[in-house]
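Observations on the model geometry
Spelled out, the chains give:
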Amino acid sequence: MDLPLYWTALIAFLVINVMLLSASVLVYAERRVSGFIQNRPGPNRVGPAGLLQPFADVFKFVLKEDIQPAAASPFIHSLAPVLMVVIAMTTAALIPFAEGVVIADINVGVLMLLALTSISVYGITLAGWSSNSKYALLGGLRSAAQMISYELSMGLAVASVVLIAGTLSLPGIVEDQAAGGAVLGWNVFRNPIGALIFITTAFAETNRAPFDLPEAEQELVGGYHTEYSGMKFGMFFLAEYVNWFIASFMIVTLFFGGYLIPFQPYLLAALPALDGSILLGILQFGSLMLKVAFFAFLFIWVRWTFPRFKYNQLMNIGWKYLLPIALANVLVIAVGVIIFRTLF
Amino acid sequence: MAAQFLFFLLATVAVAAAIGMLVARNPVSSALWLVLNLFCIAGLYLTMNASFIGVIQILVYAGAIMVLFLFVIMLLNLQALPRPGDIEWTKVLAFVLGMVILAQLMYVVAVGLDVPIEPVTTAQAAETGSAEVLARSLFTEYALHLEMAGILLLAATIGAVMLAQRRFE
């Protein structure tokens, strides 16, 4: 399917709005699920079952006064939250939503993903620096150190996927996982260690618990966003939730078959009319969203189950465990791919 | 036409960012100007159909090296440089005029020598920009050079670790 330009524009418009809405759904989900995990009801007053709670929160953000510290550098202080949101939204352009439905099908999609992840650290670091406050600065520095440490392992985990797929484009990687009939072609079965490393580093790169040291409230008040209020704080909040959603998409795309429906070849064999139809696209999108919903839930589950790492533990895990394991994994996968290709 | 417009836009911003980096008094602002400059260069690569190099430029320079720079600058807590006193406007004017004349001369020379001024955007250029073609020539024709560069970088890394290692006795 080769879509015309106005279709791409339409999908981009849809995707941006869905991403914005998804943040409010995720906020609601997180608060409700954390409530159940901690044996309390969670927000249940605004609207039916508390569904309108996130919208009430957004109204509060919009109505609040926007305070900028006197000693802050004004331009960078305003730039940082915008950067966070823009980079988070840009990453959505790379996700293949169904067969042939992707906003930017560039042939170096995986590298673009890594590049966007690596520049997303600027938002947090600059927010921390420009606030001119010790808590914010410490949060920003922690974030920079954490991102640099975990990016390497993440890059190596992605490299192992690229080795198997033999392509740098994300739709190509998804299509590559269609082999193997049912679900056994998914990269999580071909490359389980890579999948584990990628999921762990995804938690670290999105600053989610147990890697939420940049905003450890017991030590740093609010961390990098201590000096933000009103909608600027709201934008950090939005960016965090969108990043978390996008990270779930990327885990699914790279390791869990992306938009592929489990047992898709058998389904197509049983119903040949389905091939290339709109219905198949909708089914694929549904299958993608179900998988993503599971990983979004996993993020909440982990956050409310594990305590935060200490700083030395964080660095130990990143440099002494994840990086060597990731390096060895790339080597093993590379040798495995060569053996497999010569045998078959 | 659009390609030309993009080229001039990116080139202008790149030059402006480079000047901004030089004249900024605050080290963090300086670093940020440099980041903007690197982004524009990456954009220039993209307009030349070298998408792989363009993305790598963002990934390595803007994403890794500049973050490290920024990290170190923030850790050192450098003070902003004092504001320069009187700027000698005559010298600034002389510099700008000199650059304009240099650009004019280079244009005349380029036209005289028949050097193409516009960026190359042929199908062949698009072909050479892809990761596959780059990898093939790197790992076959230039394999020895690549390995040598790799070993050199490894030695430099080990050297840096040795120098930075603190000895507890």
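Residues numbered from 1 in each chain as written. Chains lettered and ligands numbered in written order. Predicted model: local features only at pLDDT ≥ 70, side-chain atom pairs only at ≥ 80, totals over all residues. Heavy atoms only, no water.

1. Some details on the overall build of chain A
The helix and strand tally for chain A stands at 14 helices and 0 strands. Secondary structure elements of chain A, listed N to C terminal, follow the sequence α-α-α-α-α-α-α-α-α-α-α-α-α-α. For 344 residues, the compact-globule estimate of 2.2 N^0.38 gives 20 Å, and the C-alpha radius of gyration of chain A, at 21 Å, lies within 12% of that figure. In terms of principal-axis extent, the alpha carbons of chain A reach across some 65 × 45 × 45 Å. Within chain A, the fraction of its 344 residues that count as buried is 53%. For chain A, contacts bridging at least 24 residues in sequence account for 79% of all contacts bridging at least 6. (Helix = DSSP H or I, 4+ residues; strand = E, 2+ residues; numbered from the N terminus. Rg over C-alpha atoms; globule rule 2.2 N^0.38 Å. Buried < 20%, exposed > 50% of the residue type's maximum accessible area, 1.4 Å probe, protein only. Contact = heavy atoms within 4.5 Å.)

2. Let's talk about the overall build of chain B
Within chain B, the regular secondary structure consists of 7 helices and 0 strands. Taken from the N to the C terminus, the helices and strands of chain B come in the order α-α-α-α-α-α-α. Here chain B holds 169 residues, and the buried ones make up 23% of them. Across chain B, contacts joining residues at least 24 apart in sequence account for 59% of those joining residues at least 6 apart. Here chain B displays about 12400 Å² of accessible surface, and carbon together with sulfur accounts for 73% of that area. (Areas by Shrake-Rupley, 256 points an atom, 1.4 Å probe, with all protein chains shown as cover.)

3. Notes on the packing of helix H1 (residues 5–37) of chain A against helix H2 (residues 53–63) of chain A
Residue and element names in this part refer to chain A. Contact geometry of H1 with H2 gives a least axis separation of 8 Å together with a crossing angle of 115°. The orientation of H1 with respect to H2, classified from their angle, is roughly perpendicular. Both H1 and H2 take part in a crossing whose hand is right-handed. Seen from H1, the contacting residues are Leu-21, Ser-24, Tyr-28 and Arg-31; seen from H2, they are Gln-53, Pro-54, Phe-55 and Asp-57. Here the residues of the contact of H1 with H2 sort into 4 nonpolar, 2 polar and 2 charged. (Axes fitted to C-alpha atoms, helices over the stretch in contact; angles between N-to-C directions. Parallel < 35°, antiparallel > 145°, perpendicular 65-115°, else oblique. Left-handed = near helix turned anticlockwise from the far one by under 90°. Nonpolar A, V, L, I, M, F, W, Y, C, P; charged D, E, K, R; others polar.)

4. Quick look at the domain arrangement of chain B
When its domains are assigned, chain B resolves into domain 1 (1–87), domain 2 (89–118) and domain 3 (130–169). Placing the centre of domain 2 of chain B and that of domain 3 of chain B at their C-alpha centroids yields a distance of 39 Å. (Domains from an automatic or database assignment.)

5. Quick notes on empty space enclosed by the protein
All names here are of chain A. Counted by the stated rule, this structure contains 2 cavities of 30 Å³ or more. One number sums up the size of the largest cavity: a volume of about 290 Å³. Together, 22 residues line the largest cavity, and Thr-117, Ser-120, Glu-205, Thr-206 and Asn-243 are the ones closest to its centre. Of all the elements in the fold, those that place two or more residues in the lining of the largest cavity are helix H3 (74–91), helix H4 (109–119), helix H6 (134–165), helix H9 (192–205) and helix H11 (230–255). Sorting elements by how many residues they give to the lining of the largest cavity places H11 first, with 5 residues. Grouping the amino acids of the lining of the largest cavity by side-chain chemistry returns 13 nonpolar, 6 polar and 3 charged. (1 Å grid on protein atoms, 1.4 Å probe; cavity = no way out; pocket = protein on both sides within 12 Å on 5 of 7 lines; lining within 4 Å. Points joined across faces, edges and corners; volume = space filled by probe spheres on them.)

6. Details of the layout of surface pockets
Estimates place the volume of the largest pocket at around 2200 Å³. Around the largest pocket, the lining is made up of 43 residues, and of these Leu-111, Gly-155, Leu-156 and Ala-159 of chain A together with Ile-56 of chain B lie nearest the centre. Where the lining of the largest pocket is concerned, the elements lending two or more residues are H4, H6 and helix H14 (311–343) of chain A together with helix H3 (51–76), helix H6 (131–139) and helix H7 (143–164) of chain B. Element by element, the count of residues in the lining of the largest pocket is highest for H6 of chain A, at 9 residues. Considering only residue class, the lining of the largest pocket consists of 31 nonpolar, 8 polar and 4 charged. Counting the residues that make up the lining of the largest pocket, at least three belong to each of domain 1 (1–87) and domain 3 (130–169) of chain B.

7. Quick look at the interface of chain B and chain A
Contact with chain B, which involves 22 residues of that partner, is made by 21 residues of chain A. When chain B packs against chain A, close to 1900 Å² is buried across both sides, 85% of that on carbon and sulfur atoms. Applying the counting criterion to the chain B and chain A interface returns 0 salt bridges. Inspection of the region where chain B meets chain A yields 1 residue pair in polar contact (both at pLDDT 80 or more). Of all the secondary-structure elements, those providing two or more residues to the side of chain B that touches chain A are helix H2 (27–47) and H3 of chain B. The dominant element in the side of chain B that touches chain A, judged by the number of residues it contributes, is H3 of chain B, at 15 residues. For the side of chain B that touches chain A, the class distribution of residues is 18 nonpolar, 4 polar and no charged. (Buried area = accessible area lost by both parts, 1.4 Å probe. Salt bridge = Lys/Arg side-chain N within 4 Å of Asp/Glu carboxyl O. Polar contact = N/O pair within 3.5 Å; in protein donor to acceptor, adjacent residues only side chain to side chain.)

8. A look at unusual backbone geometry
Residue and element names in this part refer to chain A. The backbone phi angle of Asn-39 is positive, close to 60°, even though this residue is not glycine. Note that Asn-39 resides in the loop between H1 and H2. Note on Asn-39: relative accessible area 73%, which makes it exposed. A positive phi angle, near 60°, is found at Asn-132, a position not held by glycine. Take Asn-132: it is sitting in the loop between helix H5 (121–130) and H6.

9. Quick word on H1 of chain A
Taking 1.5 Å as the rise per residue, H1 of chain A with 33 residues should run 48 Å; its terminal C-alpha atoms sit 46 Å apart, in good agreement. Asn-39 of chain A, located one to two residues past H1 of chain A, shows a positive phi value of around 60°. (Expected span 1.5 Å × (residues − 1).)

10. Looking at the nonpolar core
All names here are of chain A. Formed by 109 residues in total, the largest nonpolar core has its most connected members in Met-19, Phe-198, Leu-254 and Phe-256. It is H11 that provides the largest number of residues to this core, a total of 15 residues. With residues near it in sequence (within four places) discarded, Met-19 still touches Met-89, Ala-92, Ile-95, Val-242, Phe-245, Ile-246 and Phe-249. (Core = buried A, V, L, I, M, F, W, Y, C linked by side-chain atoms within 4.5 Å.)

11. Some points on the pattern of salt bridges
Close approach of charged atoms lets side chains of opposite charge pair. Residue and element names in this part refer to chain A. What the rule picks out here adds up to 4 salt bridges over all chains. Among the ionic pairs, Asp-57 bridges to Arg-31, the shortest N-O distance being 3.2 Å. Of this pair, Asp-57 sits in helix H2 while Arg-31 sits in helix H1, placing them 26 residues apart in sequence. On the basis of relative accessibility, which here comes to 33%, the residue Arg-31 falls in the partly exposed class.

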